[in-house]
Amino acid sequence: MRFGILGQPAIWRHDQEIRLATRRSRAVLAHLLLSPAHSASIESLIYAIYGDAPTKSARNQVHRGVGELRKYGVTIDVHDNVYRLEAAEDTIDAFVFMRLYDQARALAGDRDHAGAATMLGEALALWRGSALAGLDSEAFLAEAAVWDERRLTAIEARIDADLALGRHREVIAELQQLADQQPLREAFCGQLMLALYRSQRGSEALQAFTDLEERLREELGTDPSPALRDLRTRILRQDSALDLRTRIPPQDSALDLGTPIPPQNPGEPARPPAPVPRQLPARSGALVGRDAELRRITDAIDDHGTCPVVVVTGPGGVGKTALCLEAAHRVAVRYPDGQLYADDLSEPGDVLAAFLTALGGAADEIPDGVGARAALLRSLLARRRVLIVLDGVSGARYIDSFLPGHPGCAVLVTSRSPLALLQGAVRVPVSALDRADARALLATGAGEERMTAEPEAADRIIDLCARLPVALHIAAARLATRPHWTLARLAERLADPAKILGELRHDGQSVVPTLMRGYEVLPAGPRSLIRRIGFYGSTEVTARTTAALADVPMDVAENMLEELAESHFMVTLRDGARFRCHELLLGFGAGRALAEDPEEDLREAVQRALGGWLTLTDAAHTSMRGQDNSIPRGTAPRYQPQGAAVWSGEGAAWFDDNLEAILAAVRRAVSFPETCWELAVAPLARYEAGSRFDEWLESHELALSSVRGAGNVRGEAALLYSLGYRSLLVGDYAGAARRLEEALRLFQHLADDHGRGLVLRLLADLDRIRREPAKARRTYEEAAEVLRRSGDPVGEADALGGLAMVLHSTGEEQASQECLERALVLCREGGSLRSEAQIRRGVAMHAARAGTPEEAYPELLQALEIATFIGDRVVLSDILLDLGTTRILLGDPRAAYDNLLTAEEIAKVAGVKRTALRARRARAFLNGNGEATRKPARDDH
């Protein structure tokens, strides 16, 4: 199957064109063919077709376009919402055209004008009209303009070859037509003037100049270029340089007539021709997923009127050098006077001397000093067409000395930095490969069968290699030489930050030199930060964490992170407050840290960073529960960077946004037991309110291992108390009893009254659930008194709320009411909305059981509003359950059914089995009496 965009988008099977009946199928085909790796997301397809004003059915139209193409036999896969069209470039007319064009220019560079003309004729024969005909969105019109310009450039090159072959008479008619179609294009006018002059029609050649001059002045207010005016002057003088025997470089347009061959004086020895350096290293192999970047580079170099400077910028290992060399080889034929290459500009004077020697300068004529050598280089390049490639440039100051002063040459640069101070440069950013291209690269070594068998392991390898070509090439090579390895085995080995760099080493190749080159040119501060981030071991950091690691003010930390981002060691995330690096950099940074820094300094840096997290979790807990209420505290050091903003967030939302980062901090703090257990317990208020039971368990198991290994008894007691609370909420009453009793024993051994009071309150809850009111009463009373002495009003309120429930169950209504009123005051004093919601729930149920459900209803609504506001799913499900039962008493069974069903659904999500079971039983009661069902309740609304 073949594909075409040089005209209306088309498909051929066995040389028979398949008519694409709809515009949408033609648009989808065209966009996929022109996208890197022929892959595109549905969003980019919609934008390409509809621009900024998509129709409501745009997404569906794209799906239908893809379906139509598949019906025609086009293979289009979809993965992660990205469509990929299977098509080799030699089956697409546009890419065949570019290949033939580049080969023709190479032939022209070797003076094979006949071969160049024939090949360019074949390339131009592929065109069936304007590129992407019939597609009129802005994206397609812009792409079509690029390809139509390439067509005109190819026509210019073919006519150059014809003129070099003496076919000036044959091309006159064609050039006259082209000049009419492109009345402002000076290249065609210049070629027409030369063809007419060589055909002894000099007056017509001059008239062609006059006609163009009038059009330019009338329409643009400009004059013809100096090159075209120079051609007119030569025609007037009948300059012998215009004769056919004069060499005209075929890689140039007719406007650049080259340097005429000067006559030699009799007896004068022939001058040796100037040497033509060919210093480009060999291509590094086939590139994957870089078609768009290659086109941007070659298009920039195609700008004949200037001396283009192209900066290829991106992180280390992304393949900048390979891309730059591929582009350089593709355009090399346009620079017949040579190609210069350097990959180390640390001594620019030495590189300048080497370039001057390569261009024919005698060693004894090369001046001293960088400035003098740069001036001589500009002089030698003034009348030559030379391509200069500078690889691995670390700053704009290194480039100035190598920039030619006249048009005709080009400079290609690779750098981690965008070199923002280099004015006028075209910057081509190169990022990590997209997933489809990364998979294709890894498959070159792993093979499609292994990739298909282990897709998740393949994706894990790709992520650990940060989708960087240098790392993926090595991973692919390791898999190719170890066919007995599973992909999961390599992924497991790469997952260890301490081993990843060693695993990405094969046959003398490694990612370390790539990372080291970028690291060594950084200032001392950012280098130190890389080491400390690596030792800390987190791929994502904030300015606060950075300030703690480096022990610097916030503004200094922000500047250091921005500098690392500019050098592509870090990536700024969307919120602008966080920065991310890949696992490779962590491994590299950790290795450099152990090699360059005292271990004690590194441990202090990590302790500060973890202390910074504790400062934030303290503030978030205070926002939710008021100061240190209802949570055990330890003695781990806190850290507040200079210049850090004062806390102004909402605790529940902050914990939700940062719970994964806190869990990562717990993992890092295993070697700091006191810090480890405090970090694990810190989100307790959010664990219980948001039913984050998995994170709760994982963090505590890590911390338990840490404190038990260090003999930290108080940390163990605090963690057992917290885990006991978790067991109580999920309905594991046996596990709750076991953990809470052990925690109580440890707190009593430590004489820690606050910890003992917290545990007693939960043990009383357990007694109440087990229907042991006398025991529960005694334990609640003891807990409330201990917590009162400990200065924890919220903990005391929770104990009084439980006591009120027990007193109510034993008929002591007045005492129960007094407990609830006292608890409500304490909640407000302590600043705990969660406890207030629970106490209000207790007040409501007290009223309902006293036979006044109409008094319970408003209390429950207030409690419901609080629970909704703080996002506490555990309390919310309990309140909805009570609201449902209250509405039954109020004679509104249908609304009650809705409340009960919602309570059950929320309780299930929250993992609170006891509440879910009670809600289900209450619904069953309603259905069993035939009083209400879900469906009628919906019908009423």
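Please read these numbers as outputs of a predicted model, since none were measured by experiment.

Chemist: Give a detailed account of the nonpolar core, specifying residues and quantitative values.
Modeler: In this structure, I297, L442, I461, L504, M570 and Y721 are the most contacted members of the largest nonpolar core, which totals 169 residues. Ranked by residue count, the leading element in this core is helix α26 (residues 599–625), at 10 residues. What L442 contacts, discounting residues up to four positions off in sequence, is M451, A458, I461, I462, L472, A475, A476 and L479. Within the second largest apolar cluster, 76 residues are counted, among which are L32, L163, L212 and L228.

Chemist: Tell me about the pairing of strand β9 (residues 387–390), and name the residues and values.
Modeler: Burial along β9 is two-sided: the face carrying L387 and V389 and the face carrying I388 and L390 are both buried. Pairing of strand β8 (residues 339–342) with β9, which is carried by 4 bridges, proceeds in the parallel orientation. Pairing of Q339 across the sheet is with L387, part of β9. In terms of strand pairing, β9 meets strand β10 (residues 410–415) through 4 bridges, oriented parallel. Bridged to L390 within β10 is V413.

Chemist: Outline the sheet that holds strand β6 (residues 82–85), listing residues and values.
Modeler: Where strands meet in a sheet, backbone hydrogen bonds hold them as pairs that are either parallel or antiparallel. Taking strand neighbours across the sheet as the criterion, the 3 strands line up as β4-β6-β5 in an open arrangement whose pairing is antiparallel. A single partner strand is all that each edge strand has here, and the edge strands are β4 (39–41) and β5 (76–79). Across this sheet, the average inter-strand angle for adjacent strands is 25°, counted without regard to direction. Direction of pairing for β5 relative to β6: antiparallel, over a ladder of 4 bridges. Across the sheet, residue D77 finds its bridge partner in β6, namely R84. With respect to the sheet, helix α1 (residues 23–34) is in contact with β4, β5 and β6, its orientation differing from that of β6 by roughly 85°. Its contacts with the sheet put helix α2 (residues 42–50) on β4 and β6, and the angle it makes with β4 is roughly 85°.

Chemist: Tell me what's going on with the confidence of the model for the chain, and back it up with residues and numbers.
Modeler: For the chain, the mean per-residue pLDDT works out to 86, and 94% of the residues sit at or above 70. Mean pLDDT per element in the chain: helix α42 (residues 934–940) is the minimum at 38, and helix α28 (residues 673–681) is the maximum at 97. Contacts of residues 245–271 to residues separated by more than four positions or lying in other chains number 51 contacts, the stretch itself having pLDDT below 50. Confidence over residues 930–941 falls short of pLDDT 50; this stretch has 17 contacts with residues more than four positions distant or in other chains.

Chemist: Residue-level account of the packing of aromatic side chains, with values.
Modeler: Under the counting rule described, the total for this entry stands at 10 aromatic pairs. Their ring planes at 50° and their centres at 6.1 Å tell us that W613 and W654 sit as a pair that is tilted. Residue W613 is located in helix α26, and its partner W654 is located in helix α27 (residues 651–668); the two are separated by 41 residues in the primary sequence. A centroid spacing of 5.2 Å and a plane angle of 15° characterise the contact between Y687 and W696, whose relative ring orientation is stacked. Neither residue differs from the other here; Y687 and W696 are each classed as buried.

Chemist: Quick rundown of the sheet that holds strand β11 (residues 426–429)? Include the residues and the values.
Modeler: Here we have 5 strands laid out as an open sheet, ordered β8-β9-β10-β7-β11, and parallel in their pairing. Two strands lie at the open edges of the sheet, namely β8 and β11, each paired on one side alone. Here the strands of the sheet are splayed against their neighbours by 15° on average, with no regard to which way each runs. Here helix α11 (residues 291–301) sits on the sheet and contacts β7 (309–313), β10 and β11; the angle it forms with β11, its principal contact strand, is near 170°.

Chemist: Any details on the pattern of salt bridges? Residues and values, ideally.
Modeler: Applying the stated rule across the entire model yields 55 salt bridges. D798 is the salt-bridge partner of R625, the closest N and O atoms lying 3.3 Å from each other. Of this pair, R625 sits in helix α26 while D798 is found in helix α35 (residues 793–809), placing the two residues 173 residues apart along the sequence. One exposure class covers both R625 and D798, and it is buried. The residue E859 makes a salt bridge to R840 at a minimum N-O spacing of 3.0 Å. With E859 in helix α38 (residues 853–870) and R840 in helix α37 (residues 833–849), this residue pair connects regions lying 19 residues apart in the sequence. Exposure class is identical for E859 and R840. Each is buried.

Reading guide: rules and limits
Residues numbered from 1 in each chain as written. Predicted model: local features only at pLDDT ≥ 70, side-chain atom pairs only at ≥ 80, totals over all residues. Heavy atoms only, no water. Core = buried A, V, L, I, M, F, W, Y, C linked by side-chain atoms within 4.5 Å. Buried < 20%, exposed > 50% of the residue type's maximum accessible area, 1.4 Å probe, protein only. Helix = DSSP H or I, 4+ residues; strand = E, 2+ residues; numbered from the N terminus. Contact = heavy atoms within 4.5 Å. Pairing = 2+ DSSP bridges. Axes fitted to C-alpha atoms, helices over the stretch in contact; angles between N-to-C directions. pLDDT = per-residue confidence, 0-100. Phe/Tyr/Trp six-rings, centres within 6.5 Å; stacked < 30°, edge-to-face > 60°. Salt bridge = Lys/Arg side-chain N within 4 Å of Asp/Glu carboxyl O.

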